[in-house]
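Chain by chain, the residues run as shown.
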Amino acid sequence: MDPTHRASDEYGQGHDRSGGEPGHRRPSRESGGADFGPGTPQQVRVVQLTAGDLLLTVNPVDGSEVEACPPGSGPDAPVRRTPAERADHERAGAPPVPAGPPAPQLPLLERQEERERLVGLLARGRSVRLTGQAGSGRTALLDAVAADCADLAPDGVVRLNGRGRTGADLLNALFDTVYKAPSHRPDRDELLALVRSIGAVVTVDDLEIGGAALDELLAATPECAFLLAATPDVTTPGLDAHLEEVLLAGLGRGASLALLEKVVERSLTEEERNWAGDLWFESEGLPLRFVQAGSLLVQRDRLRAGPEAFDEYDYFEPRADDAPSAPAPPAAEALDVPLPSLGEGAAPAVLLASRLSEAARATLRFAVALGGEVPHQAHLPALVGDTHADAALGELAGCGLLSPAGPRYRLAAGVLAQLAAAGYEDDAAAQARTAAQHYAWWASHPSVTPERAVAEADAIVASLTRLVPGDEAGAASAAVLLARSASPAFAAGLGWGAWERALRIGQEAARIAGEVAEEAYFHHELGILALCTGNPDRARTELETSIGMRGALADKSGAVAGRRALALVADRSGDFAPIGRTSSGDEVPMVRQDAPGTPPGGFPAAPVFPRQPAEEKPTVVSSLPAGPAARKGPGRAVLGGARRNLAAAGAGAVLIAVLGTVVTLGVTSGDGDEPGSRNVTTEQTATEDPADDGLPADDPADGSAPAGETTPGETPTTPGPSDSASPSTSGSPSPSASTSDGTSPGTDDPTDGGSSSPGKPTPTKTSPRPTETDSESPDPTPSESESESPDPSPTPTDDTPPPPPQGSSSASGPVESESAPQSEAATDPAV
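Everything numeric here is computed off the predicted structure, so don't read it as measured data.

A.B. asks: Before we move on, could you go through the overall build of the protein chain and cite the residues and values that matter?
C.D. replies: Secondary structure summary: the protein chain contains 26 helices and 14 strands in total. Taking all 831 residues of the protein chain together, 43% fall into the buried category. Long-range contacts, defined here as pairs at least 24 residues apart, represent 71% of the contacts in the protein chain between residues at least 6 apart. Carbon and sulfur atoms make up 53% of the accessible area of the protein chain, which amounts to about 42200 Å² in all.

Structure, rendered in C-alpha cells:
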C-alpha cells in the first residue's frame, strides 16, 4: 500500500469517503477550524502479543506494558505449517528479484565431490561445518545441497541466515519456519520443547556464532542435521559438538576460465586467456573474482561497440524483443579498448561502479554508509531522489557487486573496502542521516506492517550504528527518532534481536543528545524485553533506572507503567522489592511504647491515669521534656521522620491542652459560695486526709512520696508548675499549669506557714512572662517547660525544692484576665 495515498478501508474501518456504513458516524469538524489545516493525527499502533505466559502490549507512546495472561485467554498451541504454507513462508523470506533482465544462471563447477560428501553426511544425520573464504561460492553450494536433501528429513529443509544472528535468534527462526503461532513468542522452556521435536536439514549461511553458543544450538535440536557455512575467522565449535569439517578451496585454472566464459557468453581471446590466468594466480581461484572480471569484459565489449554506450540513461533497461538492435561495427573499425590491469581485475569494484548509472552509484554510497547493507529496491527512489532508481539493484547484482543475505542484499565480499578507499565514504554521515530520516517516517507509518519493518531491520540497525556515536550535529537526535519509531515495529513483528539492538543504540543516542525522557523510554523497553526473555535481574535494573528518570521528569503515566512491570518482576523472581525510605511528605508517625499503660495515639481526653508499677516509667508523647521526675527515666517518645511528624505530635498536644483547659475552667467556675466545690472534678475527688489512697497518683521514680501525701518531717505541699509557663504559639489554650490531681496550681500557697487549705484558694500573682516554646519544635531540650506534657506524675522529689508561687496560666490568648498582671490583694475566686 502506498503510504502517501491511504485507502478507505485502512485500520479495519469500512466507512467510505462519502459517509460510511450505517451505524458509523463521521466525526464532526471542529467549530472554527480551518478547511485546509492539518488532518487528524496518525493512529498509534498498539499491538498485543504473548510471550510465554505473559501478555505484552506494545505501546509506542508511554512504553510497553506486560502482565500475566488472564485465565482462559492464553495463546493457542503452535501448529505445524502445511507444505503450501512452508512454500509461501520461504518465498517471503527470499531476497527480492532485481529489476531488469534476468541474470544468467552460472553453473556450479568443480564442486561435485564436496556436494556428494555433504549430502552423504547429512543423510546419516551428521552435522557439517563448511569453511571457506568469502567469495568462494559457499552460498551456491549450500543451495545445491539443499535441493538434493529436500526429501531426507520429515520436516524437509530449513534455510536460515546467520549474519548478525545469535543462537536464540536462530532457534526462534527455526521455530517460526516449521510452526505457525501468530502473535506468540514461546518462552525458553516451551521453545526448547518444540524445536526438540523438529526433524529437518537446516542450512545456515554466514554463520557468526561458535563455541558454547553453537554447542547450545546443536544440543537444543537433536533431531536436526545442520550444514553450517562460515569463514575461517569464526570461532570453532567445542569438542562436544561432533561436527564434520569440510574445507572449500578455490577453483582450478580451467574451471575459472570456464566460469569467465559463462559470464561473458562468448569464447575468450588469447589475450583474455592470459589475463585470466594471471588473475587466477592472484585471486587464488575465488569464483567471485571471475564473475566480476567477466563483468569487466562485458563492459569492455560495450565500450568497443560505442564509446558513448554508458552515457545512455536507460542502457541497462530491458528492450523489447522486436526492437532493432544496433549493428555491431566491423572488427576493423572497432575501438581499441585495453584490458583492465591486473590490479583492477583483482579489485574491480571501483572500475565497475564508474561505468554504472548515477542511481546505481548513489545506491552504492548508501550501501557504504550503512556498512554494506543495501536498502530494499522499494526505498531507493525515495533515498536517491530518482523514480527509476529501483533498477539500480539489477545493475549492481549483474556486475557481481551484490550477494544475497537472507531476505536482502549486501555488498559482495571486498567491495565495501574497495569503495571506501575510492572516496565513497566521504559523505557517509550525511547519507546515513538521510536514510535514518526516511526509515523513521516509513517505520512509524500505519500502512507499514511489522513484518515489513522486520525484513528491513538490518538496514535500519545499520543506520543507527552509523549515527551513534557521531560527532556530526543532529546525528544523535536523528538516531533517537529512528530508534523510537522502529523499535515498536520490531517488537510487534517478533524481531526481538533487532528490537534489542535498536533499543541499546537508541539509549546511547538519547544519552549523548541529552534527551532524558527518551532515555527513560529505552530503559523501560529494555526492562520489558528482559522480563519477557527470562532475565529478571536485568529487567529490575533497567526498570528501576527508568522509574527514577521518569520520577525526576514528573512523568506519572510512565512511572506507573514501570512500577507495574517492576512488581511483576518481583513476583516472578520470588522476592519482594526492598522497603526503601519513605519519600518526604508520606511518612507515618511512629511512637515507641515503653510503658504498658500508654496508648498508641497518646493519652485519652480525661486526665485520669491508672497506677503504674514503681519500676516502670511513664511514656511522654510530647515535643517538650516531662519534668524533673521524667527526665531521669528512659521513657521518652521517639519522634522520627520529617517535620510532618512533629506537626502531628504538636496537634495532639494542642488537643490535650484544650481538654485540660476545659477541666480547669470547670473546676474554677463552681456554683454557690462553697469554694471547696471548685477542687472537685467529675472523675476524682481531692480529700483532706493525706493518708487517703483514693487518688491514682503514680509513684515517683526516685522513691519520693506521691502527690497529696507527706513523709515524716515534711510539710504537706501542693505540687506547682515547672519553672516557666509556656503559652501555645498557635493561639490555643495550653494546660501549662495543670497537675496530676486535676486542680489548678497555685490554689494552695506553699509559703503560707503550712496552713493552707485544699478547699480555699490563695491569692496568686500571674506571671506575664511567656516562654519561647513552640509546639512544633523538632528538638525538645530539658530547659523548656512542660506546658504541653500530660505527664500524670510531675511530683517534686526530696532533692528538688518546691517551686515558687506562680499564677495560673492554663489559658493563653483569648482569656486576657488570666494572662494580665494582677494585684496581690485580688482574692475574688471568680477572677
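From this point, things continue past the structure.
A.B. asks: Explain helix α3 (residues 138-148) to me, and be specific about the residues and the numbers.
C.D. replies: In an α-helix, one turn spans 3.6 residues; hence positions three or four apart end up facing the same way. Of all the residues in α3, the buried ones are Arg 138, Leu 141, Leu 142, Ala 144, Val 145 and Ala 146. The elements touched by buried residues of α3 are α2 (112-123), β5 (128-132), β6 (157-161), β9 (201-205), β10 (225-230) and β11 (244-248).

A.B. asks: Describe the sheet that holds β10, naming the residues involved and giving the relevant values.
C.D. replies: Spatially, five strands are ordered β6-β9-β10-β5-β11 in an open sheet, and the strand pairing comes out parallel. Each of the sheet's edge strands pairs with one partner strand only, and the pair in question is β6 and β11. This sheet shows a mean twist of 15 degrees between the axes of neighbouring strands, independent of strand direction. Strand direction decides the pairing type here: β6 and β9, joined by five bridges, are parallel. Residue Arg 159 lies in a different strand from β9, and its bridge partner there is Thr 203.

A.B. asks: I'd love a proper account of the nonpolar core, names of residues and values included.
C.D. replies: In this structure, Leu 56, Val 66, Leu 467, Leu 482, Phe 490, Trp 496 and Trp 499 are the most contacted members of the largest nonpolar core, which totals 61 residues. No other element matches the eleven residues that helix α19 (residues 475-492) contributes to this core. In this view, Leu 56 contacts Val 47, Gln 48, Leu 49, Ser 64, Glu 65, Val 66, Trp 496, Trp 499, Ile 528 and Cys 532; residues no more than four positions away in its chain are not counted. Listed in part, the 29 residues of the second largest apolar core include Leu 170, Ala 200, Val 204 and Leu 214.

A.B. asks: Got a sec to walk through the sheet that holds strand β12 (residues 373-374)? Specific residues and values, please.
C.D. replies: Spatial ordering of the open sheet is given by β12-β14-β13, a layout of three strands whose pairing is antiparallel. A single partner strand is all that each edge strand has here, and the edge strands are β12 and β13 (402-405). Pairing of β13 with strand β14 (residues 408-411), which is carried by four bridges, proceeds in the antiparallel orientation. Residue pairing across strands places Leu 402 opposite Leu 411, the latter belonging to β14.

A.B. asks: How would you sum up the environment of Gln 437? Please name residues and give values.
C.D. replies: Relative to the elements of secondary structure, Gln 437 occurs in helix α16 (residues 428-443). Once the C-alpha coordinates of Gln 437 and Ala 479 are considered, the two residues, 42 residues apart in sequence, prove to be 8.6 Å apart.

A.B. asks: Could you give me a rundown of the pattern of salt bridges, with the residues and numbers involved?
C.D. replies: For the coordinates displayed, the defined rule picks out 30 salt bridges. A salt bridge links Asp 53 to Arg 572, with the nearest nitrogen and oxygen atoms 3.1 Å apart. Within this pair, whereas Asp 53 is found in the loop between β1 (47-51) and β2 (54-58), its partner Arg 572 is found in helix α23 (residues 556-573), the two being separated by 519 residues in sequence. Looking at Asp 53, the relative accessible area reads 39%, which means it is partly exposed.

A.B. asks: Please give an account of helix α8 (residues 270-283) that cites residues and values.
C.D. replies: The end-to-end C-alpha distance of α8, which contains 14 residues, comes to 20 Å, matching closely the 20 Å that a straight helix rising 1.5 Å per residue would cover. Listed as buried for α8 are Glu 272, Trp 275, Ala 276, Gly 277, Leu 279 and Ser 283. Contacts from the buried residues of α8 go to α7 (253-264), α9 (287-305) and α10 (342-346).

The rules behind these values
Throughout this document, residue positions are counted from 1 along each chain, in the order its sequence is written. Owing to the predicted nature of the model, reporting of local features is limited to residues with pLDDT of at least 70; listing and counting of side-chain atom pairs is limited to 80 or more, with chain, interface and lining totals taken over all residues. Water and hydrogen atoms play no part in the side-chain values, which are based on all heavy atoms of the structure. The way it works is that DSSP assigns letters per residue, a run of H or I at least four long becomes a helix, a run of E at least two long becomes a strand, and they are numbered from the N terminus. Burial here depends on accessible area, computed with a 1.4 Å probe over protein chains only, as a share of the maximum for the residue type. Under 20% is buried, over 50% is exposed, and the range in between is partly exposed. By definition in these notes, contact holds between two residues if any of their heavy atoms fall within 4.5 Å. In these tables, accessible area is a Shrake-Rupley quantity obtained with a 1.4 Å probe, and a residue counts as shielded only by the protein chains included in the view. For two strands to pair, DSSP has to find at least two bridges joining them. Interaxial angles span 0 to 180 degrees and are taken between N-to-C directions of axes, which are lines fitted to C-alpha atoms, for helices over the stretch in contact. Note on terminology: a nonpolar core comprises buried Ala, Val, Leu, Ile, Met, Phe, Trp, Tyr and Cys residues joined through side-chain atoms within 4.5 Å. Only one rule defines a salt bridge in this text: a Lys or Arg side-chain nitrogen within 4 Å of an Asp or Glu carboxyl oxygen. A helix is expected to reach a length of 1.5 Å times the quantity of its residues less one.

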